[in-house]
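Architecture and fold: a report
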Amino acid sequence: MVELREWQEKLKDEVKGLLKERRVVFLNSPTGSGKTLFSLIVGLEAFPRVVVAVRTHNEYTPFYREAKRLGKRFAFIVGKSVACPFSSRDVDPEDIKCSSCPFRASTEVEFSLSPNELVAKLKERALVEGFCPYYSLLDSTEEAEVLVVTYPYVFVSYLKEGIDLSLKDSLLVVDEAHNLDKLSDLTERALTLQTIERAKSEVRSSRAKEILEAVEKSVKPLLNPEEKYVRVQGRPDVTGEDLKVLAEELEDLREEMIRQRRVRRLWLSSVVKFLSAWFSPDFTVYSALNRLTAKSFTLLSSFRQVAEEAEGVLLMSGTMPPLGYMRKVLNLGDLNPAEVDVTKRFRKGLTGTYDCVLALDVTSKYEKRPVMAEKYASYLLRAFYSAKSHVLAVFPSYQFMESVVSKLKIPAVVEGEDTTIESLAALREKSLICAVSRGKLTEGVEVTDEKGRSMISDVVLAGIPYPPLDDFALDFIKATGLDEEGFIRNNALIAVKQAIGRAIRGPEDHVNVWLLDKRYEDIWWRKNLNCLNPKRVRL
């Protein structure tokens, strides 16, 4: 029998009652407090099945672990690019032409290994036995009591329909629910000159090359080198017929890859999808960092449809935004949400602790960054040499991170496109882990030892990660009815708390948090971070 913590025992029946009343429950409980186990116990006592939506595949493992601990049947689904034995992970799943693949058959899957291990094993077996790991996983979900998927399979309608996912009679658990204001990222499309150049090398017909050259010519004057998004006006110099020509070439390339049993990333696919979005009235195109990005706010309304389909909805986070904020962002209307804040009701013993160090002589204000990089590097060295274990340094942007890290000569892992969670777990000597706020290393990541204790002893907030108040942010604020100050502060506070949470994985963890920006001295920050009397320092 699983032993519950005090808060889990006392709130279990209350939360079950709220869910049975079809209230959308917002559960705010800190990292390491036991939200994962709580959600499964509550869900399986009140509903036949629990469907869990998470941001990334890295977050599958805790649910697998707790489901097995409870003796419940577990299953999960990953995308084609992850499961296909012929594919690299950077492939767009829509470029994998399954209908032409000889490995279309499925086999029964026993979920007896962790998700990452199981996918790797299935891909090895598939090449020998000739079955499809993707369809095998998909066909093995029917009997599962706990099913875990990523956000797109719940909130993007064509993907949800593609796997025939029904939420009827199920509790939908959304983990890391503070990310729901970023649902527009799920359908985002991006385009760079490098992408167009690579697409030109893929196409065969002279007509397709001419069209791509016209796209390139249209895009060049629209590129903005700055970090802030600028709204793009107008359309590219291509027609619907031109787009059809590119789409036909793309289909030929997809067929060829399956015949060759070697599925790689198709740059032409990125171009076609971006142009399709650019012509769609649902998307707005922005420019930043020499890249065009097409974004749509239509997915924000999908949450309400999903919530109405499910028998119950439990949203979980250790950094849940205020209910008023989420009500506007998700357009909850009359769904009657209920807030359960474990942190306020059970203050002691929930999770680990931290001490704060506040630097009064640095700031990451955008206009000050060039002259501050040297000082930030000095603070990072100070934190690193005093730390007992790994140091996680979190920056407001990639550009600022690069300018600071370039001045350091210590063992470091710097977040980039190729950085993996596995590379962090493999670290042996004390290292500086450099990450960007809201990036893949600052949410849902665990770096722990064999006993589950955090291997990060210090977290450095290299500035305040305020989101830029650019054209995209202003369009989002207008679409949701939020106020500017609430949007900026809530986003920054959540990002800071998420960074701290990477180092606190359980009640025994104790962390040093370095607040490297004099603006953290503001009472609003010290109160919300529970650092009313930090140790104040200067270089």
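What this report covers is the structure whose coordinates are included nearby. The model shown is predicted, which means the values in this text are computed figures rather than measured ones.

**A closer look at the sheet that holds strand S9 (residues 291–295)**
If you trace the four strands from one edge of the open sheet to the other, you get S6-S9-S8-S7, paired in antiparallel fashion. Across the chains shown, the open sheet's two edge strands, defined by having one partner strand only, are strand S6 (189–191) and strand S7 (230–231). Along the sheet, helix H19 (residues 471–480) makes contact with S7, strand S8 (284–288) and S9, crossing S8 at roughly 145°.

**Re the state of the cysteines**
Taken as a whole and judged by the stated rule, the model has one disulfide. In this model cysteine 356 forms its disulfide with cysteine 531; the gap between the sulfur atoms is 1.8 Å. Remark: cysteine 531 occurs in the loop between helix H21 (523–528) and strand S18 (535–537) and cysteine 356 occurs in strand S12 (residues 353–359); sequence separation between them is 175 residues. A single burial state applies to cysteine 356 and to cysteine 531, both of which are buried. Its sulfur unpaired, cysteine 84 is 6.3 Å from the next cysteine sulfur, which belongs to cysteine 101. Judged by its relative accessible area of 10%, cysteine 84 falls in the buried class. In this structure cysteine 132 is not part of a disulfide, and its nearest cysteine sulfur, from cysteine 98, lies 5.8 Å away.

**Regarding the nonpolar core**
Among the nonpolar cores identified, the biggest contains 132 residues, and Phe76, Leu180, Phe303 and Leu315 are the most heavily contacted of them. Ranked by the residues each element gives to this core, the list is headed by helix H12 (residues 267–279), at eight residues. Those residues in contact with leucine 315 that sit more than four places away from it in its chain are Val24, Val25, Phe26, Leu27, Val174, Ala177, Leu180, Phe303, Met320 and Leu330. Grouped together as the second largest cluster of nonpolar side chains are 29 residues, Ala393, Leu408, Ile410 and Cys434 included.

**Looking at unusual backbone geometry**
Phi at arginine 22 takes a positive value of approximately 60°, unusual for a residue other than glycine. Relative to the helices and strands, arginine 22 resides in the loop between helix H1 (6–20) and strand S1 (24–28). For arginine 22, a relative accessible area of 41% corresponds to the partly exposed category. You will see that glutamate 176, though not glycine, has its phi angle at about 50°, which is positive. Here glutamate 176 shows up in the loop between strand S5 (170–174) and S6. With relative accessibility at 12%, the residue glutamate 176 sits in the buried group.

Rules of the game
Residues take numbers from 1 onward in each chain, read along the sequence in its written order. Given that the model is predicted, a residue must reach a pLDDT of at least 70 before its local features are reported, and side-chain atom pairs must reach 80 or more before they are shown or counted; all residues, however, enter totals for whole chains, interfaces and linings. The basis for every side-chain value is the complete set of heavy atoms in the structure, and neither hydrogens nor water enter the calculation. For two strands to pair, DSSP has to find at least two bridges joining them. Each helix is a run of DSSP H or I of at least 4 residues and each strand a run of E of at least 2, with the numbering of both proceeding from the N terminus. Should any heavy atoms of two residues lie within 4.5 Å, those residues are counted as being in contact. Under this scheme, a helix contributes an axis fitted over its contacting stretch, all axes are lines through C-alpha atoms, and angles between N-to-C directions fall in the 0 to 180 degree range. The disulfide criterion used throughout: a pair of cysteine sulfur atoms within 2.5 Å. Between buried and exposed lies partly exposed: a residue is buried under 20% and exposed over 50% of the maximum accessible area for its type, with that area taken using a 1.4 Å probe on protein chains only. Note on terminology: a nonpolar core comprises buried Ala, Val, Leu, Ile, Met, Phe, Trp, Tyr and Cys residues joined through side-chain atoms within 4.5 Å.

Treat this as a map of the structure, not an account of what it does.
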